[in-house]
Amino acid sequence: MVRILVVDDEPIIADGLYEELQLCSELDADVYRTYSGKGALELLARHRIDIVVTDIRMPGMDGMALLEKIRASWPECKVIFLTGHREFDYAYKAIQYKGLQYVLKTEGYKRVISAIQSAISEIENDLTLHDQMDNLSKRMDVASMFLQKEFLKKLLDRLPENQPDRFPVPPQDSMPGSVLARADFQLYGIDLDIDQPVLMIVGRLAPSLQSFGHSDFMHCCTTIKLVSEQYLSPHMHLACFPDEQSDMIILAQPKKTFEQAQKADPAVSWHHVALFVNETLELMQNAIRTNLGCTISFGMGSAADFRKDIPQTYETVKRRMDVRIGAGEEMLMTENTSEPEEIPAPLETESHWKMKSKTDILSMLLDRGDRASFDKTFDSATAILLNTKDKNNHAASEAYLSIALMILTYLNRWQLHEKVSQLVDPAPLVNADLLSTWQEAVQYLRRMSSLLFNIQHMDENKRATDILARLRTYVDNHLGEDLSLFRLSELMYFNPSYLSRLFKQLSGENLTDYIQRQRIDKAKEMLEKNDLRVNDIASAVGFGSATNFGRFFKKATGITPLEYRDRLSADKAGGGKAGGDR
């Protein structure tokens, strides 16, 4: 779904085009409006916009000045100028800008919609990296990326308790024996400053591609890195490297364009950095889906100190992504994404960080809710148990206790003992002697892990259902207010596009369709009261004018509000029911 902003200092023009675009079934778009260039900048400071349709001549800030501001903050945004005949020469000078079109105001709505469709096609084409992929071998050295991975991965490792200060500040750039030095970054070609904060981003591929071959994995890594550079590098220094076979880590620092603003107001600067990165991640999701044919979720943490905060920030972001909502695909989550109160803080144990290879994989798959892959790995990990008759076999005991400890760790971390003990006795997790054979032990472990997946599924559905109920309740109680995706996403702490997809996934209908239906139903209810004016009804259901409300109502029902009221009166007199709905 693309985001379209209509900008015009004449409300009748802005409102009319806004309503027309909202009701256009040919566009899968989230539409917004404002009446000045300043208003447009305020909105662009909070969210990414894909297409701006703006009057070229406006008081205060005209279209050309607005274009310059858009290019500085959101270079991928497409701009469509609305012009008059006398402004043609003025508009022609702007054609040199990429992603820019102009439409004469006299050409009408159809021409504007055609220009928007053309801009959408450009956006879709921009997602395809054919030219960049052809030159990939010249621009990227895969071996270098994996060398960087080995070095940077050390920054993310869990800190031992006896090393609270893992990265002491070195007295000089290349001090022998220093844990972290600027020379190390230069050696590995990492364009980051160890003395500056860094944003931590974790990208996670869809479960369907978490078990692909090595060559496919390398192709995914290089593509994700190329996408990251294309969309983030204009404003950010980057380091991109794979973590596990389904995660990609992106470390980002602002370039001088942001650093200069930071000197004036550090808080505003870092807010803009986080906003730019968060909104750009959605474009990266689209590009990755287009070029790899798979989905990817992103989680972003707050600015972290290289020497102190990186490991904890990494674990926090990964944990937040493990708390999925609904299907959990193509998530966009930031540090402000709220976690339900019933989710407890993790209780980390020493054994959690010392799992064997297969148990590590099982733990990861359990955390991510990938049941199919878990079952396959579980079969491999328990094969020794099924093939062993001697209950005192040490190798079998090690295999059992390793898996049991993984499950016990999960129970501890999510505080599930009470919930699980009502269905399955957890005592055999710490005492294998309670099970008579290894075959019985495998059945027990399988039953226990299946129960955990079932609990996961129920919790995910409950969180999703709660969010759906909260969203519907807010919409129903605020029909006369701003119900844009921007506003709703800020209330729910989700990316607008993800919130829209989540609502469609859970309810089976588009969020915008639900809002429009509720507004129509409320309007019908109010039209039954003859003492209410149409202007008052229009305002109560979120329309600035009776004219726009009338157009909206007629398109939805086939008749005008007054015709609907007249039919109600006639039907009441004749004992029937008002018609006209399509």
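Coordinates for the structure precede this section.
Reference entry: report on the structure contained in this document. (Residues numbered from 1 in each chain as written. Predicted model: local features only at pLDDT ≥ 70, side-chain atom pairs only at ≥ 80, totals over all residues. Heavy atoms only, no water.)

## Focus on the overall build of the chain
Applicable threshold: In DSSP terms, a helix is any run of H or I states spanning at least four residues, a strand is any run of E spanning at least two, and both are numbered starting from the N terminus. Classification of residues uses two cut-offs on accessible area relative to the type maximum, computed with a 1.4 Å probe and protein chains only: under 20% is buried, over 50% is exposed, and between them is partly exposed. Between two residues, a contact is recorded if the distance between any of their heavy atoms is within 4.5 Å. Here, Shrake-Rupley sampling with a 1.4 Å probe gives the accessible areas, and only protein chains in the shown set may cover a residue.
Helices and strands together make up the secondary structure of the chain, namely 25 helices and ten strands. Each of the 582 residues in the chain was classed as buried or not, and the buried ones make up 50%. Of the contacts made within the chain by residues no fewer than 6 positions apart, 69% connect residues no fewer than 24 positions apart. For the chain, the computed accessible surface area is about 27,600 Å², with 50% contributed by carbon and sulfur atoms.

## Some remarks on unusual backbone geometry
Among all residues except glycine, the phi angle is most often negative; among peptide bonds, the trans geometry is most common. Positive phi, close to 50°, is recorded for Gln415, a residue that is not glycine. Counting through the fold element by element, Gln415 comes out in the loop between helix 17 (394-414) and helix 18 (417-421). Its identity is not glycine, yet Tyr493 carries a phi of approximately 60°, on the positive side. Considering the arrangement of structural elements, one finds Tyr493 in the loop between helix 20 (485-492) and helix 21 (496-507).

## Looking at helix 15 (residues 371-381)
Test applied: The directions from the helix axis to the C-beta atoms form the arc being described.
When we look at burial in helix 15, the residues that qualify are Ser373, Phe374, Thr377, Phe378 and Ala381. On an axial view of helix 15, the arc spanned by its buried residues comes to 135°, and they lie on one face. Opposite the buried face of helix 15, by more than 90 degrees, sit the exposed residues Ala372 and Lys376.

## Structural notes on the pattern of salt bridges
For clarity, the threshold we go by: Criterion for a salt bridge: a side-chain nitrogen of Lys or Arg within 4 Å of a carboxyl oxygen of Asp or Glu.
Applying the stated rule across the entire model yields 22 salt bridges. A salt bridge links Lys78 to Glu122, with the nearest nitrogen and oxygen atoms 3.8 Å apart. Residue Lys78 is located in strand 4 (residues 78-83), and its partner Glu122 is located in helix 5 (residues 108-126); the two are separated by 44 residues in the primary sequence. You can call Glu122 partly exposed: its relative accessible area is 27%. Shared partners join several salt bridges into a network, and the residues in it are Arg3, Arg48, Asp50, Glu279 and Glu282.

## Structural notes on the pairing of strand 3 (residues 51-55)
Applicable threshold: Two strands form a pair only when DSSP identifies at least two bridges running between them. The definition of a right-handed crossover adopted here requires that, viewed with the strands pointing away, the path from the first strand over the helix to the second runs clockwise.
Counting buried positions over the five residues of strand 3 gives five, a clear majority of the element. Here strand 3 shows no split at all, with Ile51, Val53 and Asp55 on one side and Val52 and Thr54 on the other all buried. Judged from the five bridges that link them, strand 3 and strand 4 form a sheet pairing that is parallel. Looking at strand 4, one finds that Thr54 is bridged to Phe81. Once you follow strand 3 into helix 3 (residues 63-73) and on to strand 4, the crossover reads as right-handed.

## Considerations on the nonpolar core
How we decide: What we call a nonpolar core is a set of buried Ala, Val, Leu, Ile, Met, Phe, Trp, Tyr and Cys residues that are connected through their side-chain atoms within 4.5 Å.
In this structure, Val277, Phe298 and Leu488 are the most contacted members of the largest nonpolar core, which totals 76 residues. The dominant element in this core, judged by the number of residues it contributes, is helix 12 (residues 266-292), at eleven residues. With sequence-adjacent residues up to four places away left out, Val277 is seen in contact with Leu199, Ile201, Leu232, Met236 and Met300. Core analysis: the second largest hydrophobic core is formed by 35 residues, Phe378, Leu408, Leu429 and Trp438 among them.

## Thoughts on the environment of Lys358
Within the fold, Lys358 resides in helix 14 (residues 357-368). Taking the relative accessible area as the measure of exposure, Lys358 reaches 40% and is therefore partly exposed. For the pair Lys358 and Ser402, spaced 44 residues apart in the sequence, the C-alpha separation amounts to 9.2 Å. The residues contacting Lys358, other than those within four sequence positions of it, are Thr377, Ser380 and Ala381.

## Here we look at the packing of aromatic side chains
The description of an aromatic ring pair rests on the distance of the ring centres and on the angle between the ring planes. The cut-off we apply is this: In this analysis, rings of Phe, Tyr and Trp, with Trp reduced to its six-membered ring, are considered paired at centre separations within 6.5 Å, and the interplanar angle assigns stacked below 30 degrees, edge-to-face beyond 60, and tilted for intermediate values.
Under the defined criterion, the tally for this structure stands at twelve aromatic pairs. Ring geometry for Phe374 against Phe378: centres 6.1 Å apart, planes inclined by 20°, an arrangement best described as stacked. On the criterion of helical spacing, the pair formed by Phe374 and Phe378 is a turn pair, its members being four residues apart in helix 15. When its relative accessible area of 1% is taken as the criterion, Phe378 is described as buried. Ring geometry for Phe549 against Phe553: centres 5.8 Å apart, planes inclined by 55°, an arrangement best described as tilted.

## Description of the environment of Asn286
Filter applied, for reference: N or O atoms closer than or at 3.5 Å make up a polar contact, with two conditions inside protein: a donor-capable atom paired with an acceptor-capable one, and, for residues adjacent in sequence, both atoms drawn from side chains.
The topology assignment puts Asn286 in helix 12. C-alpha separation for the pair Asn286 and Asp126, spaced 160 residues apart in sequence, amounts to 9.9 Å. For Asn286, the side chain forms a polar contact with the side chain of Arg289, separated by 2.9 Å.

## Considerations on the sheet that holds strand 2 (residues 29-34)
The cut-off we apply is this: A fitted line through C-alpha atoms represents every axis, and for helices the fit uses only the stretch in contact; the resulting angles, taken between N-to-C directions, go from 0 to 180 degrees.
Within the open sheet, the five strands sit side by side as 2-1-3-4-5. Their pairing is parallel. The two strands at the open ends of the sheet, each matched to only one other strand, are strand 2 and strand 5 (100-104). In this sheet, adjacent strand axes meet at a mean angle of 20° when their direction is disregarded. In this structure, strand 4 lies alongside strand 5, joined through five bridges in parallel fashion. If you follow Ile80 over to strand 5, its bridge partner there is Gln101. Sheet strands touched by helix 1 (residues 11-22): strand 1 (2-7), strand 2, strand 3 and strand 4. Its angle to strand 2, the strand with the most contacts, is close to 170°.

## Considerations on the sheet that holds strand 6 (residues 199-205)
Overall, mixed pairing links the five strands, which are arranged 7-8-6-9-10 in an open sheet. Either end of the sheet is taken by a strand with one partner, and the two such strands are strand 7 (236-242) and strand 10 (332-333). Direction of pairing for strand 9 (residues 296-300) relative to strand 10: parallel, over a ladder of two bridges. Within strand 10, the position partnered with Phe298 by the bridge is Leu332. Where helix 10 (residues 214-232) meets the sheet, it contacts strand 6, strand 7, strand 8 (247-254) and strand 9, and its direction lies at approximately 170° from that of strand 7.

## Remarks on the packing of helix 20 against helix 21
Just so we agree on the cut-off: Should an angle fall under 35 degrees it is taken as roughly parallel, and over 145 as roughly antiparallel, whereas 65 to 115 is taken as roughly perpendicular and any remaining angle as oblique. Charged means Asp, Glu, Lys or Arg here, nonpolar means Ala, Val, Leu, Ile, Met, Phe, Trp, Tyr, Cys or Pro, and polar covers whatever is left, Gly included.
At a closest axis distance of 9 Å, the pairing of helix 20 and helix 21 adopts a crossing angle of 85°. On the basis of the axis angle, helix 20 is roughly perpendicular to helix 21. Contact residues: helix 20 offers Leu485, Phe486, Leu488, Ser489 and Met492, while helix 21 offers Pro496, Leu499 and Ser500. Residues belonging to the contact of helix 20 with helix 21 are distributed by class as follows: six nonpolar, two polar and no charged.

## So, the state of the cysteines
Spelled out, the test is: Working definition: a disulfide is two cysteine sulfur atoms within 2.5 Å of each other.
Here the structure, examined in full by the defined rule, presents zero disulfides. Looking at the unpaired Cys294, the closest cysteine sulfur is the one in Cys220, lying at 5.4 Å. Judged by relative accessible area, Cys294 falls into the buried class, the value being 5%.

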